[in-house]
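# Structural description and commentary
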Amino acid sequence: MSYLQIDIDSRRTYEFQCSLLSHFTRYLCCLIVALSTRTSAENDLPLQALTKMAPVNTGILFLQFNSLATPYALSKIVLSALQKVDKLLYIKVKGLPLSETKVSTYNRIVNQIYNISSRNAVDRFDTRVVLTDFRDSLISPSVCVINKLHTSHTIETILMTSQEHSYAEFLENKRDGITSEALHIDTTFKDNDQHSIIEHQEKTQNHLPSSTDEDNIYDHVVIGGTFDNLHSGHKMLISAAILRCKKSLTIGVTDGIMIKTKKLWELIEPCQTRIKKLHEFLMDVEPRLQYKVVPITDLYGPTADDPALQLLVVSEETQKGGMKINQLRQEKGLSKLDIYSISVIDDNHAGAGEENKISSSSFRKRLLGSHIKPPKFKSKPYVIGLTGGIASGKTTISKRLKDLGAHVISCDHLGHLAYKSGTECYRQMIEYFGAGILNEENEIDRKKLGPLVFSNKDHLESLNKMVWPEIRRLYNKEINELKKQSFQGIIVLDAAVLLEAGWQEDCAEVWVATVPKEEAVKRIVERDHITVEQATRRVESQLSNSDRVASANVVICSIWEPEVTAAQVLKAWQYVQEFLAK
Ligand SMILES: CC(C)(COP(=O)(O)OP(=O)(O)OC[C@H]1O[C@@H](n2cnc3c(N)ncnc32)[C@H](O)[C@@H]1O)[C@@H](O)C(=O)NCCC(=O)NCCS
Ligand SMILES: Nc1ncnc2c1ncn2[C@@H]1O[C@H](COP(=O)(O)OP(=O)(O)OP(=O)(O)O)[C@@H](O)[C@H]1O
């Protein structure tokens, strides 16, 4: 071995920089650590003999660098750890060499961990590889930094590759009664694993672009992205940047027009939420860098005028963006950025019609029909508010729900009842608009009313004030009648104006039907035989998809074949059934 293994920070809880520690003292420490490690490790029970721990949400795996002799060993250890934690696994690699190690070596380990995790864990599983030790080993190998690890989530269990120490004292944010377990894994190479190892190795080799040496480290690094549903591809990009960064990392996060061309963009979280989540991830993996996380509304962001930036990290699919940036910088007399490019990581969970690579839009598609927010309350009967823009598929969805056994109340139908002569609403409307809105049978004529209200916002508002309370009274009457008949099932309140009228207050949850604006316009033109301009005006006069999605417990998108819509409805329906049965 060409390095000294030093593991002082796993012996003490205090946090200080011991730059004055002599090599001799360090060597002694190493010796003590190495000896104590061996003794306790020998006393370990084999994994099979350990009682199975209760499932926990968050854990940390302390991995010894020298146990990673092969990608196979790493795979086996990480896979084993993934099985013991439900939601979030931190991974900290200990015992790194003090010098002569390359960024690319560490970067490959990090990539491999993310690759294994994304291939083997469920979609929403969150793996976070702590980068502090890697950076210490790369940037200041002669300075021993002793850190207490602070994580944004409470750690419930500690996993290790050998039972040398509980490590609990090095965690700032840990559950009382934290458990620990040594993973004893047979990392002996088996012939039939050859294929998967070669595959892993290939996937985790970084693409080496011509403009930069993959082992260079820079003061000021920059990356950009949308970072919606932060996934392994993003984490690899961010890690590649952090490992090559000494002082500041600038991150441009797309906003505004940049996101509106993306699939299911209405489901993308607001820019400030994405920035907050990104920041939380950065603080977990390497809190000691200076981060400048800023919204961007074009592909250049701060690279258009920041002279200090030196390296841009991209992926093979966004390299072109890097070239455009350098073209602009050259035109402006700024220095060109070195460009480091990572490989794109594939998604082995990809379903039909999804991209091959891990992508946020596939995640968004998988969110359709699932409960993005839990129901507000449990009740019997159980009222679901179904809403959505014009031609978004509400009627089709409510028919499907009726087939599944729901009692559907159409607020459109109740609106017609509210206009009937003899109601309070009828009386108010004649008083406000005059008898000119009546037909020969003294019924309210919608064709006469339409031009009056759609040309005047105040009139429309007044009309809504008269009609909405009447509709609410009518649906409550129907719900109460169902209650009297001991109906215990699910009631669907199909209401285009559910959110505008505030009726979501009466619902345990809200389902929102969406289609992209262009598709809604196309459907309206075909159905109502009006012009594209007229259809566009109708769509634009309503609440936007993203406003509706903000209030949704479930989002259903009807852009694909009817069976895809039906599958989303069934998924959400089954969740509600399970929720009510609990
Ligand atoms: C215009 C940009 C920023 C928009 O980002 P985009 O919407 O693609 O972001 P997204 O969140 O999807 O991805 C962010 C980054 O992660 C990479 N990435 C996404 N998925 C994967 C994956 N499966 N494997 C590896 N990398 C991935 C993307 O290629 C991108 O580089 C970007 O695509 C681009 O052109 N980047 C190069 C220029 C740049 O960085 N500009 C901003 C400077 S501040
Ligand atoms: N995959 C799909 N899912 C649902 N509807 C679809 C789908 N594909 C096409 N459509 C069509 O879209 C149109 C609008 O659907 P629907 O009538 O259910 O919408 P809506 O939201 O009730 O509309 P409105 O509020 O204008 O009455 C219909 O003609 C429907 O057949």
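Residues numbered from 1 in each chain as written. Chains lettered and ligands numbered in written order. Predicted model: local features only at pLDDT ≥ 70, side-chain atom pairs only at ≥ 80, totals over all residues. Heavy atoms only, no water.

Another aspect to go through is the nonpolar core. F134 and V313 are the most contacted members of the largest nonpolar core, which totals 61 residues. One finds I437, L482, A495 and C507 within the second-largest nonpolar core, a separate group that totals 40 residues. (Core = buried A, V, L, I, M, F, W, Y, C linked by side-chain atoms within 4.5 Å. Buried < 20%, exposed > 50% of the residue type's maximum accessible area, 1.4 Å probe, protein only.)

With that out of the way, let us pick up the site of ligand 2. Taken together, 15 residues form the shell around ligand 2, and within it K394, T395, T396, R527 and W560 come nearest. Contacts to ligand 2 include S392, whose backbone N or O atom sits 3.1 Å from an oxygen atom. R527 is positioned with one of its side-chain polar atoms (N or O) 2.9 Å from an oxygen atom of ligand 2. Computed on the free molecule, ligand 2 has an accessible area of 620 Å², of which 70% lies beneath the protein chains in the complex. Those elements that place two or more of their residues in the shell around ligand 2 are α10 (394–404), α16 (517–528) and α19 (562–581). A per-element tally of the shell around ligand 2 places α10 first, with three residues. Residue composition of the shell around ligand 2, grouped by class: four nonpolar, seven polar and four charged. (Near = heavy atom within 4 Å. Polar contact = N/O pair within 3.5 Å; in protein donor to acceptor, adjacent residues only side chain to side chain. Areas by Shrake-Rupley, 256 points an atom, 1.4 Å probe, with all protein chains shown as cover. Helix = DSSP H or I, 4+ residues; strand = E, 2+ residues; numbered from the N terminus. Nonpolar A, V, L, I, M, F, W, Y, C, P; charged D, E, K, R; others polar.)

So, on to the sheet that holds strand β15 (residues 490–494). Strand order in this open sheet of five strands is β14-β15-β13-β16-β17, and the pairing throughout is parallel. Pairing within the sheet leaves two strands with one partner each, and these edge strands are β14 (407–410) and β17 (554–557). Between one strand and the next, the sheet's axes are offset by a mean angle of 25°, whatever the strand orientation. Two elements, strand β13 (residues 382–388) and strand β16 (residues 509–514), share five bridges in a ladder whose sense is parallel. (Pairing = 2+ DSSP bridges. Axes fitted to C-alpha atoms, helices over the stretch in contact; angles between N-to-C directions.)

Moving on, we come to the sheet that holds strand β6 (residues 155–160). Spatial strand order, β4-β3-β2-β6-β7: five strands in an open sheet with parallel pairing. Of all strands in the sheet, those with a lone pairing partner are β4 (126–129) and β7 (174–182), marking the two edges. Each neighbouring strand pair of the sheet contributes to a mean axis angle of 20°, computed without reference to strand direction. Across four bridges, strand β2 (residues 56–64) lies against β6 in parallel orientation. Across the sheet, residue I60 finds its bridge partner in β6, namely I158. Across the face of the sheet, helix α4 (residues 132–139) comes into contact with β3 (85–94) and β4 while running at roughly 20° to β3. (Contact = heavy atoms within 4.5 Å.)

Next up on the list: the pattern of salt bridges. By the definition in use, this model includes 27 salt bridges. Its salt-bridge partner being D133, residue K92 comes within 2.7 Å of it at the nearest N-O pair. Linking K92 in strand β3 with D133 in helix α4, this pair joins segments that are 41 residues apart in sequence. Taking relative accessible area as the criterion, D133 reaches 14% and is therefore assigned buried. Among the salt bridges present, the one from R472 reaches E505, with a minimum N-O distance of 3.6 Å. In this pair, R472 sits in helix α14 (residues 457–484) while E505 sits in the loop between α15 (498–501) and β16, placing the two residues 33 residues apart along the sequence. The exposure class assigned to E505 is exposed, which follows from its relative accessible area of 59%. (Salt bridge = Lys/Arg side-chain N within 4 Å of Asp/Glu carboxyl O.)

On to the site of ligand 1. Neighbouring ligand 1 are 31 residues, the closest being T226, K262, L299, S315 and E317. At 2.6 Å, a backbone N or O of L299 approaches a nitrogen atom of ligand 1. Residue S315 places a side-chain N or O atom 2.5 Å away from an oxygen atom belonging to ligand 1. If ligand 1 stood free it would expose 840 Å²; the protein chains cover 92% of that surface. For the shell around ligand 1, the elements supplying multiple residues, two or more each, are β8 (218–225), α6 (232–243), β9 (245–254) and β11 (311–315). Counting residues per element, the shell around ligand 1 draws most heavily on β8, at four residues. Of the residues in the shell around ligand 1, the class split is 16 nonpolar, twelve polar and three charged.

Residue placement: S361 occurs in helix α9 (residues 360–367). Taking the relative accessible area as the measure of exposure, S361 reaches 15% and is therefore buried. Setting aside chain neighbours within four positions, we find S361 in contact with K263 and E355.

Now for the confidence of the model for the chain. Do not read the predicted coordinates in detail wherever pLDDT is low. Per-chain confidence: the chain averages 85 in pLDDT, with 84% of residues scoring 70 or above. Long-range and interchain partners of residues 1–52, a stretch whose pLDDT sits below 50, account for 92 contacts in this model, where long-range means more than four residues apart. Long-range and interchain partners of residues 194–204, a stretch whose pLDDT sits below 50, account for 17 contacts in this model, where long-range means more than four residues apart. Here the prediction assigns the complex a pTM of 0.83, and the interface score ipTM is 0.91. (pLDDT = per-residue confidence, 0-100.)

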